[in-house]
Amino acid sequence: RGPIANPEDMTAGERGIVFSAGPPIVPGPYNNNLQIVQTPDAVVLHTEMIHDARIVALDGSPQPPETLRFWLGSSRGRWEGDTLVIETAHFTDQTSFRGSDEHLRVVERLTLTGPDALRYEFTMDNPTAFARPWTATYTMARTAERMYEFACHEGNRGEDGRECDLIHA
């Protein structure tokens, strides 16, 4: 892509803004824990990677105006039996998952399949980036492990000497 003169020349993942935290939530090389908190009006999906807390409204409120765009999109949820269905749209033009663009719509389904297992399914629908919608599924396992803050900052170097926010590139 050429020389990097400022942070805006880097992708959101390289800058540590969006990286495996979702949507969709995909396993990465580390920091894969997810904490789910439910209130009467919302569900919060707190990912260990990038320590994002995505608030999913359950109150039936509509999506914000199309002109408002978010790094993680705007999420609205509903229950279909025992499955939490989350629809997310309104991504920025800088948020990209495997080639997606600002027209991305993600539908996630979270279903508790046992006392320690959660089935996570997501469907990517982005007609300007993909030939057709596609779906992936995996199982998340409950853990008693602690969640740690993902702390990446300028000047933070890995064992190979590269700055932390460039390690993801």
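For every chain, the first residue of the written sequence is number 1, and numbering continues from 1 onward in sequence order. Note on the predicted model: pLDDT of at least 70 is required for a residue's local features to be given, and 80 or more for side-chain atom pairs to be given and counted; whole-chain, interface and lining totals, by contrast, use all residues. The basis for every side-chain value is the complete set of heavy atoms in the structure, and neither hydrogens nor water enter the calculation.

Draft legend 1. Spatial organisation of the overall build of the protein chain. By the criteria applied, helices consist of DSSP H or I runs no shorter than four residues and strands consist of E runs no shorter than two, each listed in order from the N terminus. Across its full length, the protein chain carries one helix and eight strands. Going from N to C terminus, the protein chain has its helices and strands arranged as β-β-β-β-β-β-β-β-α. Throughout, exposure labels follow a simple rule: accessible area from a 1.4 Å probe, protein chains only, divided by the maximum for the residue type, with under 20% read as buried, over 50% as exposed, and the rest as partly exposed. Across the 169 residues of the protein chain, 37% fall into the buried class. Only the protein chains shown count as covering a residue, and every accessible area follows the Shrake-Rupley method with a 1.4 Å probe. For the protein chain, the computed accessible surface area is about 10,100 Å², with 52% contributed by carbon and sulfur atoms.

Draft legend 2. Seen up close, the environment of Ser61. Positionally, Ser61 belongs in the loop between strand E3 (53-57) and strand E4 (74-80). Spatially, the C-alpha atoms of Ser61 and Gly77 are 9.5 Å apart, while their sequence positions differ by 16 residues. Polar contact criterion, stated in full: a pair of N or O atoms within 3.5 Å, where within protein one must be able to donate a hydrogen and the other to accept it, and residues adjacent in sequence count only if both atoms are side-chain atoms. Side chain to side chain, Ser61 and Asp59 meet in a polar contact 2.8 Å long.

Draft legend 3. Here's a closer look at the pattern of salt bridges. Salt bridge criterion: a side-chain nitrogen from Lys or Arg within 4 Å of a carboxyl oxygen from Asp or Glu. Per the counting criterion, the structure on display carries nine salt bridges. Of the charged contacts in the structure, one is a salt bridge between Arg105 and Glu87, with a shortest N-O distance of 3.1 Å. Of the two residues, Arg105 is situated in strand E6 (residues 105-114) and Glu87 in strand E5 (residues 83-89); the sequence distance between them amounts to 18 residues. Of the charged contacts in the structure, one is a salt bridge between Arg142 and Asp116, with a shortest N-O distance of 3.1 Å. With Arg142 in the loop between strand E8 (134-141) and helix H1 (164-167) and Asp116 in the loop between E6 and strand E7 (117-125), this pair connects stretches of sequence that are 26 residues apart. Several salt bridges converge on common partners, so that one network encompasses Arg78, Glu80, Glu87, Arg105, Arg109 and Asp125.

Draft legend 4. Focus on the layout of surface pockets. Each cavity reported here is a set of points on a 1 Å grid over the protein atoms alone in which a 1.4 Å probe fits but cannot get out, each pocket an open set with protein on both sides within 12 Å along at least five of seven lines, and each lining residue one with an atom within 4 Å of a point. Grid points are joined across faces, edges and corners, and a volume is the space filled by probe spheres set on the points. One number sums up the size of the largest pocket: a volume of about 760 Å³. For the lining of the largest pocket, the secondary-structure elements that each account for two or more residues are strand E1 (34-38), strand E2 (42-47), E6, E7 and E8. Among the elements that make up the lining of the largest pocket, the one with the highest residue count is E1 (five residues).

Draft legend 5. Region of the structure containing the pairing of E7. By the convention used here, strands pair only if DSSP detects at least 2 bridges between them. Summarising the sheet, E6 and E7 pair through nine bridges and their orientation is antiparallel. For Val107, the partnering residue across the bridge sits in E7 and is Thr123.

Draft legend 6. Representation of the pairing of E1 in the model. The pairing of E1 with E2 spans five bridges and is classified as antiparallel. For Gln35, the partnering residue across the bridge sits in E2 and is His46. Counted between consecutive antiparallel strands, the loop separating E1 from E2 contains three residues.

Draft legend 7. Inspection of the environment of Arg105 at higher detail. A residue is classified by how much of its surface remains accessible, and Arg105, at 33% relative accessible area, is partly exposed. When the C-alpha positions of Arg105 and Glu87 are compared, they lie 7.1 Å apart, and in sequence the two are 18 residues distant. Working rule for contacts: check all heavy atoms of both residues, and any pair within 4.5 Å makes them a contact. Excluding residues that lie within four positions of it along the chain, Arg105 makes contacts with Glu87, Thr88, Thr123, Met124 and Asp125. Here Glu87 takes part through its side chain, which lies 3.1 Å from a polar atom of the side chain of Arg105.

Draft legend 8. Representation of the confidence of the model for the protein chain in the model. Confidence of the predictor at the level of single residues is captured by pLDDT, which takes values from 0 to 100. Of all residues in the protein chain, 82% have pLDDT values of 70 or greater, and the mean over the chain is 84. Counted against residues more than four places away or in other chains, residues 165-169, with its pLDDT under 50, gives 13 contacts.

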